[in-house]
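Next come the chains, spelled out residue by residue.
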Amino acid sequence: MRSEIPFFPPDLFEHDRKVMLDVIRDIGRDSRQNFILGEHTREFEEMLRADLGAADVIACGSGTAALGLVLRAMDVGPGDEVVVPAFGCAPLASSVLGVGATPVFADVDPRTMVLDPESARGRVTHRTKAVLPAHMFSVMADMPRFTELAASHDLRLLEDSAVAQGAVLHGTPAGMWGEAGVYSFVQVKSFGMPGEGGAVVTRNPALGKRVRMLRNHGQQERFVHRVIGTNSRFDEIQAAFQRYRYAGFPARLARRAEIAERYTERFAPLADRGVLAPPPGRDGRCHYVYCLQAEERDVLREYLAEHGIGSHVYYPLALPHQAAFLPCAPVGERWPNAERASARILALPMYPHLTDGEVDRIADAVCEFARHRRGPQPA
Ligand SMILES: *Cc1c(COP(=O)(O)O)cnc(C)c1O
């Protein structure tokens, strides 16, 4: 009988379950009874910091919290504008609103679906304090151009690298292009864990110090509050588990890259049949999820479901069209590439333990679908 290939696999942590339970038992029985911001968190931060060559890495409550902490540390607040992509996840806009500033939506590149530097440049005003490009499903944002944009307009550059941990563009890791970057460790992300967590990574030690205070009620020494902070502390059990799992991360990422390459190779001939794959190559690629653009996205999605293949739509609506963010969307303004992306995007299963056979079955189904659809128009 044909097996189902889920989009969200139920067995992500199967191989590490024993370690997870051991860690819970060890920390639970430890006489220190230290469950947050202890030795495991410090070691976890230091491991990431050393690996990246960052000035500081600060583990915190989530990727969303990490964005908010950096914005606060940068003193972004009321009256300030932050240019964000019109296509992406809610925290891009909500984290800016959370510090009292205004997100200004710029359009994305039609092919890569990441923030378009030219569109971002067009949204810069005298109020703009920062620009917040996000790496998306398969492709990192054009960081050399955002670096140039930030420098020429005196803007802070915050990199939403929540999904791009381990990705590298021109030799520089995702997260290290901006003055600060963020990672998310929520279950589904490439270095996900069984729970909530995130990190701020920064090249700027002073900024790191501020984030460190902000995540723990604005204190450096206990009960001495230098700034107004929040509670965004990291869990010791998760830190211990992630320290263990980090050794296998490069291999899991490499397997994701291999799957992405296999898909892209198979889908290259479908471009004139209404199914567009992400650009090939490995530089500046992140392999969190694999997203196609399909003219008949919903029909394809149904077709795949009929063939026992799960898929997912990230994201069905551009951010300025979400009810929550409508007040930040200037009336009459359009983001045509973001709107197009939200109508066409479809994510296929991609996790390290997907077998070659399953990858081929998914690719076969997509190719089969495209074969029966519109062919190239006769000249
Ligand atoms: C997942 C994600 C976040 C938020 O991370 P959480 O840990 O879920 O809060 C932020 N930005 C992007 C681009 C993401 O994909």
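All of these numbers come straight from a predicted model, not from anything done at the bench. (Residues numbered from 1 in each chain as written. Predicted model: local features only at pLDDT ≥ 70, side-chain atom pairs only at ≥ 80, totals over all residues. Heavy atoms only, no water.)

### Structural notes on the pairing of strand β8 (residues 180–184)
Then, number 1: Counting buried positions along β8 gives five out of five residues, so the element sits mostly inside the fold.
Then, number 2: By the alternation rule, side chains of β8 split into Ala180, Val182 and Ser184 and Gly181 and Tyr183, which are all buried.
Then, number 3: Relative to β8, strand β5 (residues 156–159) is paired through two bridges, and the arrangement is parallel. Residue pairing for β8: Glu159 is matched across the bridge by Gly181.
Then, number 4: Relative to strand β9 (residues 198–202), β8 runs antiparallel, the two sharing five bridges. Within β9, the position partnered with Ser184 by the bridge is Gly198. (Buried < 20%, exposed > 50% of the residue type's maximum accessible area, 1.4 Å probe, protein only. Helix = DSSP H or I, 4+ residues; strand = E, 2+ residues; numbered from the N terminus. Pairing = 2+ DSSP bridges.)

### Examining empty space enclosed by the protein
Then, number 1: Evaluation of the coordinates by the stated rule reveals four cavities of 30 Å³ or more.
Then, number 2: In this structure, the largest cavity occupies an estimated 130 Å³ of space.
Then, number 3: What lines the largest cavity is Phe7, Phe8, Pro9, Leu12, Val188, Arg256, Tyr288, Val289, Tyr314, Leu348, Met350 and Tyr351.
Then, number 4: Looking at the lining of the largest cavity, its residues break down into eleven nonpolar, no polar and one charged. (1 Å grid on protein atoms, 1.4 Å probe; cavity = no way out; pocket = protein on both sides within 12 Å on 5 of 7 lines; lining within 4 Å. Points joined across faces, edges and corners; volume = space filled by probe spheres on them. Nonpolar A, V, L, I, M, F, W, Y, C, P; charged D, E, K, R; others polar.)

### Examining the packing of aromatic side chains
Then, number 1: On inspection of all chains with the given rule, the structure shows 21 aromatic pairs.
Then, number 2: Relative to Phe234, the ring of Phe185 has its centre 6.2 Å away and its plane inclined at 85°; by these criteria the two rings are edge-to-face. A residue pair is termed long-range when its members are at least 10 positions apart, and Phe185 in the loop between β8 and β9 and Phe234 in the loop between α7 (205–214) and α8 (236–245) qualify at 49 residues.
Then, number 3: For the pair Phe191 and Phe249, a centre-to-centre distance of 4.8 Å together with 40° between the ring planes defines the contact as tilted. Highlighted residues: Phe191 in the loop between β8 and β9 and Phe249 in helix α9 (residues 249–267), separated in sequence by 58 residues. Both residues of the pair, Phe191 and Phe249, count as buried.
Then, number 4: Each residue in the set Phe7, Phe8, Phe87, Phe137, Tyr288, Tyr314 and Tyr315 is aromatic and connected to the rest through ring pairs, giving one cluster.
Then, number 5: Cation over ring: Lys189 sits above Tyr288, and NZ or CZ is 5.6 Å from the ring centre. (Phe/Tyr/Trp six-rings, centres within 6.5 Å; stacked < 30°, edge-to-face > 60°. Lys NZ or Arg CZ within 6 Å of the ring centre and 35° of its normal.)

### Focus on the site of the ligand
Then, number 1: The ligand sits among Ser62, Gly63, Thr64, Cys89, Asp160, Ala162, Val163, Ser184, Val186, Lys189 and Gly197.
Then, number 2: Taking Gly63, its main chain carries an N or O atom lying 2.8 Å from an oxygen atom of the ligand.
Then, number 3: Measuring from an oxygen atom of the ligand, one finds a side-chain N or O atom of Lys189 at 3.1 Å.
Then, number 4: Notes on the ligand: free accessible area 380 Å², of which the protein chains cover 88%. (Near = heavy atom within 4 Å. Polar contact = N/O pair within 3.5 Å; in protein donor to acceptor, adjacent residues only side chain to side chain. Areas by Shrake-Rupley, 256 points an atom, 1.4 Å probe, with all protein chains shown as cover.)

### What to know about the domain arrangement of the protein chain
Then, number 1: Once the domains are mapped, the protein chain shows domain 1 (14–247) and domain 2 (249–371).
Then, number 2: With centres defined by C-alpha atoms, the gap from domain 1 to domain 2 works out at 24 Å.
Then, number 3: Residue-level contacts link 42 residues of domain 1 with 35 residues of domain 2.
Then, number 4: Note on domain 1 versus domain 2: buried area summed over both sides is about 3400 Å², and carbon and sulfur give 62% of it.
Then, number 5: The tally of links from domain 1 across to domain 2 stands at one salt bridge. (Domains from an automatic or database assignment. Contact = heavy atoms within 4.5 Å. Buried area = accessible area lost by both parts, 1.4 Å probe. Salt bridge = Lys/Arg side-chain N within 4 Å of Asp/Glu carboxyl O.)

### Regarding the sheet that holds strand β10 (residues 275–276)
Then, number 1: Overall, antiparallel pairing links the three strands, which are arranged β10-β11-β12 in an open sheet. With partners counted over all chains shown, the strands left at the sheet margins are β10 and β12 (345–348), one partner each.
Then, number 2: Where β10 lies against strand β11 (residues 290–294), two bridges are found, and the strand directions are antiparallel. Paired with Val275 across the strands is Ala294, a residue of β11.
Then, number 3: Helix-sheet contacts for helix α10 (residues 297–306) involve β11 and β12, and the interaxial angle to β12 is about 20°. (Axes fitted to C-alpha atoms, helices over the stretch in contact; angles between N-to-C directions.)

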